[in-house]
Amino acid sequence: MGRDRILGYAALLLILVSLLPLLAGQSSGPAAESTGALKVEDKAPLFNANDHAGNLWQASKVLKNCRFLVVYFYPAAMTGGCTAQACAYRDASAPLEQEGISVVGISADPVRNLAFFHTEDKLNFPLLSDVNGDIARRFGVPIRQGGSITRTVQSKQVTLERPFTFARWTFIVDHSGKVVYKNTGVSPAKDPQTVIDFLKSNE
């Protein structure tokens, strides 16, 4: 085999290796902020998605009836940190309502997973299914490959699969649809209070 052909194969191999993370739909290292990520003062996308009950949830309708919409992305239903975060939002429903705040959680879990999650932890706000990662991409949230976990639901073992895992990011969108807050270093159990404190300090 000639030297030029060997060099050509080597160059092709290097290109293919560099493209593997993109072909897999994920970063080869830790989740990093996308250059297209939404920033504070940007207009948030008006997205629609099926919720935990299989109903169509529409951002445009919700924004008409609240002062602020908290949109939080989380990795996976019924996992430790995600459960702590969801339960914290559940337990903070009264102060959130007092501030005119609506909440929605988004993951790549299918509706079936979200129904289990919502019921098991008695959640009182909608969970949206973004199985294609479209909403996460529109917000610029980092996406990694998904996976599966096994949980006990109503005394039965069930396997919960998801195609993607999202980074844990929280946004606040105001009544006009503008992003007024963004947190890429979320502490799951403290997230609702952090949101409330931010809005109170900026009244």
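How each quantity is defined
- Residues numbered from 1 in each chain as written.
- Predicted model: local features only at pLDDT ≥ 70, side-chain atom pairs only at ≥ 80, totals over all residues.
- Heavy atoms only, no water.
- Salt bridge = Lys/Arg side-chain N within 4 Å of Asp/Glu carboxyl O.
- Buried < 20%, exposed > 50% of the residue type's maximum accessible area, 1.4 Å probe, protein only.
- Helix = DSSP H or I, 4+ residues; strand = E, 2+ residues; numbered from the N terminus.
- Pairing = 2+ DSSP bridges.
- Lys, Arg positive; Asp, Glu negative; His and termini not counted.
- Contact = heavy atoms within 4.5 Å.
- Core = buried A, V, L, I, M, F, W, Y, C linked by side-chain atoms within 4.5 Å.

**Q** Lay out the pattern of salt bridges in plain terms, naming residues and giving numbers.
**A** For the coordinates displayed, the defined rule picks out 5 salt bridges. Where K39 meets D42, a salt bridge forms, and the shortest distance between an N and an O atom there is 3.7 Å. Relative accessible area serves as the criterion here: at 49%, K39 is assigned to the partly exposed category. Residue classification places D42 among the partly exposed positions, given a relative accessible area of 23%. With a shortest N-O distance of 3.4 Å, E41 and K178 are connected by a salt bridge. Taken together, the positions of E41 in the loop between α1 (3-23) and β1 (48-51) and K178 in the loop between β8 (169-174) and β9 (179-183) put the pair 137 residues apart, joining distant regions of the chain.

**Q** Break down the pairing of β9 for me, with residues and values.
**A** Pairing of β8 with β9, which is carried by 4 bridges, proceeds in the antiparallel orientation. Of the residues in β9, the one forming a bridge with T170 is N183. Between β8 and β9, which follow one another and run antiparallel, lie 4 residues, and G177 among them has a positive phi close to 95°.

**Q** Now, about the side chain of D174: what can you tell me, with residues and values included?
**A** Within the element layout of this structure, D174 appears in strand β8. It is K178 that comes nearest to the buried, bridge-free D174 among opposite-charge side chains, at 4.5 Å. In this structure, D174 is in contact with L63, R67, F68 and V180, ignoring residues within four places of it in sequence.

**Q** Outline the nonpolar core, listing residues and values.
**A** Core analysis: the largest hydrophobic core is formed by 29 residues, its most contacted members being F47, L69, V71, F73, F139, V141 and F166. For this core, the secondary structure elements donating two or more residues are α2 (59-63), β3 (68-73), β4 (101-107), α6 (134-139), β7 (156-166) and β8. Residues within four places of V71 in sequence aside, it is in contact with F47, V104, I106, F139, W169, T170, F171 and V173. Formed by 27 residues, the second largest nonpolar core is a distinct cluster that contains F68, A86, V103 and L127.

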